[in-house]
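Report on the structure
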Amino acid sequence: MSPFLPGDLAVDCVKSLSPYVPGKPIEELQRELGIRDIVKLASNENPAGPSPRALAAMHAALGDAWLYPDGSGHELKHKLAAKLGVNVDQLTLGNGSNDVLVLIAEAFLKPGLEAVYSRYAFAVYPIATHATGAAGVVAPALPVDSPMPFGHDLAAMRRSITSNTRVVFVANPNNPTGTWVPAAELRRFVADLPADVIVVLDEAYYEYAGGLDIQNGVSWLADFPNLVVVRTFSKAYGLAGLRVGYAVSHASVAGMLNRVRQAFNVSSIALAGAAAALEDEAHVDAAVKIAVAERARVAAALNALGTKTVPTAGNFLLIEAGPNALRRYDALLRAGVIVRPVVNYGLAEHLRVTLGFPEQNDRFLAAWQKVLVA
Ligand SMILES: Cc1ncc(COP(=O)(O)O)c(C=O)c1O
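Residues numbered from 1 in each chain as written. Predicted model: local features only at pLDDT ≥ 70, side-chain atom pairs only at ≥ 80, totals over all residues. Heavy atoms only, no water.

With that settled, the discussion passes to the site of the ligand. As a matter of local geometry, the ligand sits amid Gly96, Ser97, Asn98, Phe122, Asn175, Asp202, Ala204, Tyr205, Thr232, Ser234, Lys235 and Arg243. In the environment of the ligand, an oxygen atom lies 2.9 Å from a nitrogen or oxygen atom belonging to the backbone of Asn98. Thr232 is positioned such that a nitrogen or oxygen atom in its side chain is 2.5 Å from an oxygen atom of the ligand. Burial of the ligand by the protein amounts to 94% of the accessible area it has alone, namely 390 Å². Among the residues making up the shell around the ligand, the classes are represented as three nonpolar, six polar and three charged. (Near = heavy atom within 4 Å. Polar contact = N/O pair within 3.5 Å; in protein donor to acceptor, adjacent residues only side chain to side chain. Areas by Shrake-Rupley, 256 points an atom, 1.4 Å probe, with all protein chains shown as cover. Nonpolar A, V, L, I, M, F, W, Y, C, P; charged D, E, K, R; others polar.)

See below:
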């Protein structure tokens, strides 16, 4: 008989969860292989980092760390509302947008209900869904030979919606594929949904659109009360470690999300840093410009080496790495370059590479060239 483990007392829907697999931290690789000068291109972080204004605001906020944060996020919400052209009561702040996704699941899902998402969609959707006891319904993705390989197939997602569906998650663009859905097609999909389905438009990489046909979902909120747009400071704002994200929705939806939200889910340092970051759009624009240029340059360089890439609207590239993808991932680690395996997504022959600064990407390209002939 197997020994009693107190963890087995967890509820079944939690026991059956597959844990989120993060990118390998730089310190871990240093410890494991004893190498220095490591380039991490594994977690879609923005190498430009925080705006100097955000840094100054965070430093200034440190002395007040003994006080609880402003649980209403007054300053950050007012700045966001002004920037986005929405009312403050339409906003919900989260400890990263991951937190917001979990709040949506907690507020709108329970056993017997369903959430629909695409195969290869962001890994947090199934985790957040299953943790509530609701069922996750996986819609097949676009085929590998389509212009958006592995991307969301909105027609298949529509077909997956039943009378039990309460939430549908659309990542635009999607991680880890980088693929996106054209604006007109997305609008038709949202307009055609039953009114009792909450549609979550995850725009974590929205700022990286770079002229591609990517809708600003916030501008549709007035037309679709069941729409929830999710954004983050982790990517283009260079604040992944700070953990700030938000949802923009109908005020009644925000009211429900705020009921399940922990009163102090965003720290005082994070509130100060994010509010100041909003005032430095030039910093964001400069980082986005580099990523947009680099995604074209790195994709072209990979294609020239015979490595196929999936079209991307994010700050990362999904690349075809062949049956030896994991061995190649290991070889890159030994060369001091951390990328991201995507086996957990069912993409065993691909790797995801975040776009860093040009010299970091060159380190990856040089290492990849060696890996290909090894
Ligand atoms: C599509 C998508 N949504 C949400 C998130 C969550 O980001 P964060 O919690 O840092 O805001 C990520 C992070 O990688 C993502 O790729």
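There is more to say after this.
Tallied over the full model, the rule gives 11 aromatic pairs. Seen in terms of ring centroids, Tyr120 and Phe150 are 5.2 Å apart; in terms of plane orientation they differ by 80°. Their pairing is edge-to-face. Of the two residues, Tyr120 is situated in the loop between strand E3 (114-118) and helix H6 (124-131) and Phe150 in the loop between strand E4 (135-139) and helix H7 (154-159); the sequence distance between them amounts to 30 residues. Take Tyr120: its relative accessible area is 15%, and that puts it in the buried class. When its relative accessible area of 9% is taken as the criterion, Phe150 is described as buried. Put simply, the rings of Tyr20, Tyr117, Phe122, Tyr125 and Phe169 pair up and form one aromatic cluster. One cation-aromatic arrangement involves Arg231 over Tyr206; the distance from NZ or CZ to the ring centre is 4.1 Å. (Phe/Tyr/Trp six-rings, centres within 6.5 Å; stacked < 30°, edge-to-face > 60°. Helix = DSSP H or I, 4+ residues; strand = E, 2+ residues; numbered from the N terminus. Buried < 20%, exposed > 50% of the residue type's maximum accessible area, 1.4 Å probe, protein only. Lys NZ or Arg CZ within 6 Å of the ring centre and 35° of its normal.)

Membership of the largest hydrophobic core comes to 56 residues, with the highest contact counts inside it found for Leu76, Leu80, Val168, Val170, Leu186, Phe189 and Phe233. Among the elements that make up this core, the one with the highest residue count is helix H10 (residues 268-277) (seven residues). Ignoring anything within four residues of it in the chain, the contact list for Leu186 reads Leu154, Val170, Asn172, Val181, Leu201 and Trp220. Ranked by size, the runner-up nonpolar core spans 35 residues in total, among them Val100, Leu109, Phe169 and Val228. (Core = buried A, V, L, I, M, F, W, Y, C linked by side-chain atoms within 4.5 Å. Contact = heavy atoms within 4.5 Å.)

As a further point, take the packing of helix H5 (residues 97-108) against helix H9 (residues 251-260). Running from N to C, H5 and H9 point in directions that differ by 100°, and their axes come no closer than 9 Å. Between H5 and H9, the crossing angle belongs to the class labelled roughly perpendicular. Counting all contacts with H5, which are made through Leu103, Ile104, Glu106, Ala107 and Phe108, the residues of H9 involved are Val253, Met256, Leu257 and Val260. Classifying every residue of the contact of H5 with H9 gives eight nonpolar, no polar and one charged. (Axes fitted to C-alpha atoms, helices over the stretch in contact; angles between N-to-C directions. Parallel < 35°, antiparallel > 145°, perpendicular 65-115°, else oblique.)

Glancing now at unusual backbone geometry. With an omega dihedral of 0°, the bond running from Asn172 to Pro173 counts as a cis peptide bond. Locating Pro173 in the fold gives a position in the loop between strand E5 (165-171) and helix H8 (183-191). Omega for the peptide link from Asn175 to Pro176 comes to 15°, which places this bond in the cis form. For Pro176, the position within the fold is in the loop between E5 and H8. Non-glycine residue Asn44 carries a positive phi angle of around 50°. For Asn44, the location among the structural elements is in the loop between strand E1 (39-40) and helix H3 (52-62). In the Ramachandran plot, Phe150 falls in the positive-phi region, its phi being about 70° despite a non-glycine side chain.

So, on to the side chain of Arg295. By secondary structure assignment, the location of Arg295 is in helix H11 (residues 281-304). Separated by 3.2 Å, the side chain of Arg295 and the backbone oxygen of Ala313 make a polar contact. With residues near it in sequence (within four places) discarded, Arg295 still touches Tyr208, Ala209, Gly210, Leu212, Thr312, Ala313, Gly314, Leu317 and Leu355.

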